[in-house]
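Fold and geometry: a report
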Amino acid sequence: MTNPPTNLGPHSVYLDQWLECAPFEKQLGLKILQAEQGHSILTLPFRAEFANGGNLLHGGALVSLADATAVIAIKSLLTPWTHFGTINMQVEFIRPVLQGVVTARCNVHQIEERLWQAEVMLEDDQQIKVMTMKAIFKISKRRLQQHATV
């Protein structure tokens, strides 16, 4: 079942369909729960194929969740086809994740004309903080090309 469209900046999207254009995030099993006014919430389920040798959720999966959560929060404020990328990221791993679902919450704000700052907190399904991330994103001077659908 598809959730109703959510306002995402100046346009609307179906949250469970946004990741269709992001195959890596889709492969991780990310789900968008909320995206509005510079705030977003995404989840990532623990899956055995994303565990490291110690049966802990791999840090790369957690960082990918945090980065995607920040991207969605920024997209909730920018016009469609605005191109931007992560230019700086600081991560603090606090506790390991052994099972369950990780929830990421992000707030973003503009710090310069083309720079946005994101602060992301990840919690396990016991609501215990497992990781934080601060990142800076830069808006490109060029706009993305809209791809024609076949």
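Bear in mind that the values here come from a model prediction, so they are computed numbers and not experimental data.

Details of the overall build of the protein chain
Assigned secondary structure in the protein chain consists of 3 helices and 8 strands. For the protein chain, the succession of helices and strands along the chain, N to C, is β-β-α-α-β-β-α-β-β-β-β. Burial analysis of the protein chain (150 residues in total) assigns 39% to the buried set. Considering only intrachain contacts with a sequence separation of at least 6, the fraction spanning at least 24 residues in the protein chain is 59%. Just so you have it, the protein chain exposes about 8900 Å², and 50% of that area is on carbon and sulfur atoms.

Topic: the packing of aromatic side chains
Between two aromatic rings, the relevant description is the distance of the centres plus the angle of the planes. Under the definition given, this model contains 1 aromatic pair. Their ring planes at 75° and their centres at 6.2 Å tell us that Phe84 and Phe137 sit as a pair that is edge-to-face. Taken as a pair, Phe84 in strand E5 (residues 82–93) and Phe137 in strand E8 (residues 129–143) lie far apart in primary sequence, 53 residues in all. Of the two residues examined, Phe84 and Phe137, each falls in the buried class.

A few points about the pairing of strand E4 (residues 39–45)
Across the 7 residues of E4, 6 count as buried, placing the element largely inside the fold. Pairing between strand E3 (residues 31–36) and E4: 5 bridges, direction antiparallel. Residue pairing across strands places Gln34 opposite Ile41, the latter belonging to E4. Hairpin connection of E3 to E4: 2 residues between the antiparallel strands, including Gln37 at a positive phi of 50°. The pairing of E4 with strand E6 (residues 101–112) spans 7 bridges and is antiparallel. Bridging from a neighbouring strand, Thr43 pairs with Thr103 of E6.

Rules behind the numbers
- Throughout this document, residue positions are counted from 1 along each chain, in the order its sequence is written.
- A pLDDT threshold of at least 70 governs which residues receive local features in this predicted model, and a stricter bar of 80 or more applies before side-chain atom pairs are shown or counted, although totals over entire chains, interfaces and linings include all residues.
- The side-chain numbers reported here are obtained from all heavy atoms of the structure, hydrogens and water having been left aside.
- Secondary structure elements follow DSSP: runs of H or I no shorter than four residues count as helices, runs of E no shorter than two count as strands, and numbering proceeds from the N terminus.
- Only protein chains enter the accessibility calculation, which uses a 1.4 Å probe; a residue is then buried when its area is under 20% of its type maximum, exposed when over 50%, and partly exposed in between.
- A contact between two residues is defined here by any heavy atoms of the two lying within 4.5 Å.
- To be clear on the numbers: accessible area is Shrake-Rupley with a 1.4 Å probe, and residue cover counts the displayed protein chains and nothing else.
- Only rings of Phe, Tyr and Trp enter the pairing, Trp through its six-membered ring, and a pair is recorded when the two centres are within 6.5 Å. The plane angle decides the type: under 30 degrees is stacked, over 60 is edge-to-face, the rest tilted.
- Two strands form a pair only when DSSP identifies at least two bridges running between them.

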